[in-house]
Amino acid sequence: MLKLSVGPIVGHTTTDHARIFVRGKAQKDAPVFAGIRYRQSGHEQWLKTTFARLANLQDMSDVITLNNLAADTEYEYQAGWFSTTSAGHSVDSLQELPLQWPQELYRLRTRSGTLGTPRAYFVGSCRYLRMTVGIPSAPHLGDRIFASMTQLAQQADPPVSAMLMTGDQIYVDDLNFFAPDREYQQILAKYRAAFSQPHISRLMANLSTYMILDDHEIEDNWPAKKRSGDDVLYKNAITAYELYQASHSPAFELLDDGRIRRHPKHYWYQFTDGDIEWFVTDSRTQRNLSADDRRLLDTEQEYALCQWLIRSPARVKLVVTSVMFFPDARQNGDDAWAGFPGQRLRLLETIRSHRLKNVIFVSGDVHGSLTSRLTHSEDPDFEVHTIVSSPLCNIKLMPYASQSSFILDRPLARNDAGEYRQELTGKVISRDNFAHLVIDAERIQVNYHDRDGKLLQSTGINLR
């Protein structure tokens, strides 16, 4: 067996289930398979080996599911790919082959169902990996921050449950000024390069990773800048996104036979980690820009989000939105929630009128990191926080955000019931960074680290 060309990437993980993305390579007309074998850490006997046949239609990739796992348990696994000379092999007959597995051993931990246990997460966005004639330029610059994340994950207490990548995992339009990529194979090449760099590859092979797209997976400020002929670009970009980002997320339905449905109904999704729940919104592909019904989330998604906010018994509810919920940016703010004030106000009123507590909005996008708080002039019980983490890797052509980049000197919104007032709860960080969230019984500790792992700022959000 050979080392995977991309992956393994551990995706959605529950108390008894894990999804792992794998990719091999095409071998002319020979059948190609990928395999994973796994066991509980510390045991010698492998529990099971699972195979998947790889096809060019899916860029020689697939997602292998591990089912019937034990809760709160560390598993170790090996992964690889191979081709056969026999066209008659099935995934069942492969069990009899004397395969020699790649030596590298990976680890994953299933979720704990215990309530009240402290949890930790990484959050990051906007990882620029410039490609020149299909080759990454200085790829170590876009990869080194993941080495620091791996080092922190190895010593973190509580252990890090997952990494949330909240948008712009690749830049399809990184050469937008003179040679934007539009062809399907060009976009696939960017994903292969981005996800196969050594440090990110090591991190994602051992830590559950949840992703959602933003504009640069398609085109800057999509769909506001959509032009004639961009339908083909969108189809190519979204097909690649489904393969490399959505396929190992909860957006792909788990079927009764343990496999996943290949065609998702939508890209937004939810997942649970004890008494902490996440709702990851699709803040990009279902926008309505018409003046009479302007919305960032489509009707179905807004309804689902509101119902989740109201009905979920979770102690902490984190809403991922790839673009900032608040505060508003002074420039290009209309691409974020500032451009959709009616829908934002409806969400805020839902939270306030139902007296919901511990709702946190998590985002990226702006190439600056910050925490902020929203209160209400007439309702002392209302409080909502936002956590922003961006970028993982910037370039000189893209300026970092600073405190002056945001509108902080007036209310975010107002209606007959009063004003929503905003304030920063820490400094704006203007350098490459990632966020390390630690959630315990009393607070969310937001720790920002630079690309070398140095702690830049720590802010506490008290839970109520």
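Above this text is the structure in question.
Everything numeric here is computed off the predicted structure, so don't read it as measured data.

Engineer: Would you mind showing me how to read unusual backbone geometry here?
Structural biologist: Leave glycine aside and you will find that most residues have negative phi; peptide bonds, for their part, are mostly trans. For the bond from Gly7 to Pro8, the omega torsion is 5°, close enough to zero to count as cis. Within the secondary structure, Pro8 sits in strand β1 (residues 6-13). Cis geometry marks the peptide bond from Ser390 to Pro391; its omega dihedral reads 0°. Relative to the helices and strands, Pro391 resides in the loop between β19 (383-388) and β20 (406-407). The phi torsion at Asp59 lies on the positive side, around 55°, for a residue other than glycine. Within the secondary structure, Asp59 sits in the loop between β4 (48-54) and β5 (61-67). You can call Asp59 buried: its relative accessible area is 6%.

Engineer: Please clarify how the pairing of strand β2 (residues 17-23) should be interpreted in this entry.
Structural biologist: Within a regular strand, side chains alternate between the sheet's two faces. When you tally the buried positions in β2, you get seven out of seven residues, the bulk of the element. Burial along β2 is two-sided: the face carrying His17, Arg19, Phe21 and Arg23 and the face carrying Ala18, Ile20 and Val22 are both buried. Where β1 and β2 come together, four bridges link them in antiparallel fashion. Bridge pairing links Val6 to Arg23 in β2. Of the strand pairs in this sheet, β2 and β5 are connected by seven bridges, and their pairing is antiparallel.

Engineer: I tried to follow the environment of Leu2 on my own but got confused; where do I start?
Structural biologist: Locating Leu2 in the fold gives a position in the segment before β1. For the pair Leu2 and Thr73, spaced 71 residues apart in sequence, the C-alpha to C-alpha distance is 28 Å. With residues near it in sequence (within four places) discarded, Leu2 still touches Gly80, Trp81 and Pro102.

Engineer: Teacher, can you tell me more about the packing of aromatic side chains here?
Structural biologist: Aromatic rings in a pair are described by how distant their centres are and how their planes are angled relative to each other. For the structure shown, the criterion picks out 22 aromatic pairs. Note on Phe325 and Trp337: the rings are 5.0 Å apart at their centroids and 70° apart in plane angle, and the pair reads as edge-to-face. With Phe325 in the loop between β15 (316-320) and β16 (328-329) and Trp337 in the loop between β16 and α6 (341-353), the pair connects residues that are 12 residues apart, well separated along the chain. Summarising the burial analysis for this pair, Phe325 and Trp337 share the class buried. Feature note: the residues Tyr121, Tyr210, Tyr269, Phe271 and Trp278 constitute an aromatic cluster, connected by ring pairs.

Engineer: Just checking my understanding: could you explain the sheet that holds strand β17 (residues 359-363) for this structure?
Structural biologist: Through backbone hydrogen bonds, the strands of a sheet pair up, either in parallel or in antiparallel fashion. Taken in spatial order, the eight strands make up an open sheet running β13-β14-β15-β17-β19-β18-β22-β21, and their pairing is mixed. Looking at strand neighbours, the two that pair on one side only are β13 (269-273) and β21 (413-415), the edges of this open sheet. Taken pair by pair, the neighbouring strands of this sheet meet at an average axis angle of 20°, ignoring direction. For β21 and strand β22 (residues 418-424), the ladder comprises three bridges, and the chain directions are antiparallel. Paired with Asn415 across the strands is Gly418, a residue of β22.

Engineer: What should I look at first to understand the pattern of salt bridges in this one?
Structural biologist: It is possible for side chains bearing opposite charge to pair when their charged atoms get close. Within this structure, the stated rule accounts for 34 salt bridges. Among the ionic pairs, Glu419 bridges to Arg421, the shortest N-O distance being 3.1 Å. Given the relative accessible area of 43%, Arg421 is considered partly exposed. Through salt bridges that share partners, Arg39, Glu74, Glu76 and Arg107 make up one connected network.

Definitions and cut-offs
Residues numbered from 1 in each chain as written. Predicted model: local features only at pLDDT ≥ 70, side-chain atom pairs only at ≥ 80, totals over all residues. Heavy atoms only, no water. Helix = DSSP H or I, 4+ residues; strand = E, 2+ residues; numbered from the N terminus. Buried < 20%, exposed > 50% of the residue type's maximum accessible area, 1.4 Å probe, protein only. Pairing = 2+ DSSP bridges. Contact = heavy atoms within 4.5 Å. Phe/Tyr/Trp six-rings, centres within 6.5 Å; stacked < 30°, edge-to-face > 60°. Axes fitted to C-alpha atoms, helices over the stretch in contact; angles between N-to-C directions. Salt bridge = Lys/Arg side-chain N within 4 Å of Asp/Glu carboxyl O.

Function cannot be inferred from these measures alone, as they are strictly geometric.
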